[in-house]
Amino acid sequence: MQEKNNITIYDIINTLKKNRKKVNTKLILKAYTFARDNHANQKRLSGEEYIMHPLNVASILSEINLDDATICAALLHDVVEDTPVTQEQLIKEFGEEIGEMVDGVTKLGKLQYTTREEEQVENYRKMFLAMGKDIRVILIKLADRLHNMRTLKYLKRDRQIANSKETMDLYAPLANRLGMYSLKWELEDLAFKYLEPEEYREIVEGLDKKREERLAFIEKIKKQISLELKLQRIDAQITGRAKHIYSIYRKMQRDNIGLDQVYDLLALRIIVNSVKDCYAALGVVHELYNPMPGRFKDYIALPKANMYQSLHTTLIGPNGTPFEVQLRTWEMHRIAEFGIAAHWAYKEANKTKKTTVKVEEDKLSWLRETLEWQQDMQDPQEFLNALKTELFEDEVYVFTRNGDIKVLPKGSTPIDFAYNVHTDIGHRMTGAKINGKMMPIITKLKNGDIIEIITTDNPKGPSRDWLKFVQSTSARNKILQWFKKEDREENIEKGKELLQREMKRIGMHEEQLYKQQYLDSTLERYKYNSLNDMYASVGFGAISAGKIISRLLTEYRKEHEEENIEAKLQELQTKKREAIKPTKSGIIVKGIDNCLVKFSKCCNPLPGDEIIGYITKGRGVSVHRKDCVNIKDLFQDETRIIDVKWSDTEKAVYKVEIEILSNDREGLVADIAREMNNLKVIMLQINSKVNKQRIVTTNLILQVESLDELNKVIRTLRKIDSVYEVNRKK
């Protein structure tokens, strides 16, 4: 599938008519006209009319033979986000089915978020929840991303990199998880092209050099196999299969080999009418050519979790040249190309009533589990890490004592296996047998292992140490849930204490922040059923006290004017001030005069940063930023934590390091130095380097007096031509 610049709505309708008898042309034309009219004054960065984007998205989905409602939703997928059209208007015009699909792919826009990362994660959450209701939402999203990647050349370099990284981290693995290999391969190749342009070019050029030689070799093999299959009365279609560029690169990196050593650059695909013919054809090719030991995989007997089925074998051809053969039926081929979309289209074509693929089906059990654990994760980075674990392909296939297959993440242990069988089995687990032999429960499982879990009738429950060894997010979440439930009362009290401490730190009181409307909004925002659920979550560490207080403050600000808040905070802080002399560094240490103070080098705090003190052994008080990466380690001994704050009277200068990312150009460093001179900021050090993608990383060490001054520096640097990101280094 490639980008089609001149595609029309009638091309899409004709594609649909080739694949099925009945197409609701009237509804599709109505959706197209509605989208065209509402996007009428909009253009893409390429300069083309905006309507070409939804047309291309709909075209991709028409080639997969999706239903009329999905095609309409694809045509309309940006109208709520990018035009004045409301969700209510859309539902009124096109009904709830289409309206809900469009809503599923529309980004969240009305809520306020503490960080951009939090906003991104909430958009992912919304997308997954919408997938849970109707899998077609993600098919539209994947088609949308594919067309955006095809037109990525019109974006600036920084956006090309950001979009490609997100595609490689989320959308390509998601397409793989859904078995949609035709989309997965193109998404990966396009992302790879922008992330590693030199490596991409080298592989493309290397493939082009011997293209004619490879084609001649494959043609010769095809003729030999085709003749033998006909003699055996096996009806088959044989085609050459192009190896995808990113998969070649991954194999070269993984095995530390050159392009000439990648065996399956030369590949054939044999498509037959039945499973019986698959194995018969396998026998034919093994008679003709010697198979390479250890290179046969039977995905028919053991299908992948994403429904993929085929036989894979690598053979030694003429002159000792290895080549790969894949054997599958036509139905397997359809599912291999379009995955869950093929499954959905099949169900739609064979039932008269409305059908959607629900996550209750075994084929989407991984999605059901994802929806279960993602509800409990408030930390954005934890959510993203867990999501990537669930999406990536590496898996291990093991068996129960009764011969049932269990698919687990690579590196899983019997603990993961036990929780995969049933939560209660995991909680009651005391040991495990692997292939009939007692083994440690932290043993890593291998393909084909037969697992038996030993349990007790008087369980003590899981050990916290298990969390160090489990690989599956599902098992980890079930263990955490057990501890949350067991220690609930303790966590509630701890959560209350942490929230009180955070309020005290910023000089606010319960009567100010704990108004019912503020609490209700916060509970709804983070999906808590009760106040105690929120306290327990804070106490357990699932969400920080700072994040909850920040949300309450957001609600407080909505009710009060900003100036009044600042004035009140200033007044409260003034009342709290103790008659303690500041140190020469400009830090007031609670209860101690002229204490020895050192600023930690790990986070380099500045006046205006939220800070905390740590009493060291023999070196006075070490001052850290509240968001320092080492805070968790420090809090292991809370007796050595001490309150510190910035003095309003003492002035001092502080070192700070910042990182600048920019596109490469002449005069960049000179422009940076000139701007620092204009701001009268002392530059202690400057270091600049450029990578293969012509992205320049510049590190500055500056001398500033406060966070306000640093923010002014960052704002100035961001305005310099070619600079696209400026960050303070922690």
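Above this note sits the structure.
A brief structural summary. (Residues numbered from 1 in each chain as written. Predicted model: local features only at pLDDT ≥ 70, side-chain atom pairs only at ≥ 80, totals over all residues. Heavy atoms only, no water.)

1. What about the overall build of the protein?
The number of helices and strands found in the protein is 29 helices and 21 strands. Split into buried and exposed, the 730 residues of the protein put 50% on the buried side. Nonlocal contacts in the protein, meaning residues at least 24 apart in sequence, comprise 66% of its contacts between residues at least 6 apart. Surface summary for the protein: the accessible area is close to 37500 Å², and the carbon and sulfur share equals 48%. (Helix = DSSP H or I, 4+ residues; strand = E, 2+ residues; numbered from the N terminus. Buried < 20%, exposed > 50% of the residue type's maximum accessible area, 1.4 Å probe, protein only. Contact = heavy atoms within 4.5 Å. Areas by Shrake-Rupley, 256 points an atom, 1.4 Å probe, with all protein chains shown as cover.)

2. A few points about the sheet that holds strand β19 (residues 682-690)
The four strands lie next to each other as β19-β20-β18-β21, forming an open sheet whose pairing is antiparallel. The open sheet is flanked by β19 and β21 (723-728), the only strands paired with a single partner. Taking each pair of neighbouring strands and ignoring which way they run, the sheet shows an average axis angle of 20 degrees. Sheet strands in contact with helix α29 (residues 707-718) are β18 (654-663), β20 (695-704) and β21, and its direction is about 165 degrees off that of β21. (Pairing = 2+ DSSP bridges. Axes fitted to C-alpha atoms, helices over the stretch in contact; angles between N-to-C directions.)

3. Thoughts on helix α9 (residues 157-177)
Over its 21 residues, α9 extends 29 Å from the first C-alpha to the last, a length consistent with the 30 Å expected when each residue adds 1.5 Å. T167 marks where α9 bends most, by close to 45 degrees. Of all 21 residues in α9, 17 are buried, a share of seventy percent or more. Once α9 finishes, G179 follows within two positions and takes phi at roughly 75 degrees, a positive value. (Expected span 1.5 Å × (residues − 1). Bend = angle between axes of the 7 residues up to and from the residue.)

4. Brief notes about the sheet that holds strand β16 (residues 641-642)
Here we have four strands laid out as an open sheet, ordered β13-β15-β14-β16, and mixed in their pairing. Each edge of the open sheet is held by one strand with a lone partner, namely β13 (597-599) and β16. Strand direction decides the pairing type here: strand β14 (residues 611-615) and β16, joined by two bridges, are antiparallel. Looking at β16, one finds that Y614 is bridged to I641.

5. Overview of the pattern of salt bridges
A side chain with one charge can pair with a side chain of the opposite charge if their charged atoms come near. All told, the structure shown has 25 salt bridges when counted by the stated rule. The shortest N-O distance in the salt bridge between R136 and E97 comes to 2.9 Å. Taken together, the residues span a long stretch of sequence, with R136 in helix α8 (residues 136-150) and E97 in helix α6 (residues 87-105) at a distance of 39 residues. Taking the relative accessible area as the measure of exposure, R136 reaches 0% and is therefore buried. Residue E97 is classed as partly exposed on the basis of its relative accessible area of 27%. A salt bridge links R401 to E452, with the nearest nitrogen and oxygen atoms 3.2 Å apart. Taken as a pair, R401 in the loop between β7 (395-399) and β8 (405-409) and E452 in strand β11 (residues 451-455) lie far apart in primary sequence, 51 residues in all. What emerges from the salt-bridge pattern is a single network uniting R665, D671, R674 and D721. (Salt bridge = Lys/Arg side-chain N within 4 Å of Asp/Glu carboxyl O.)

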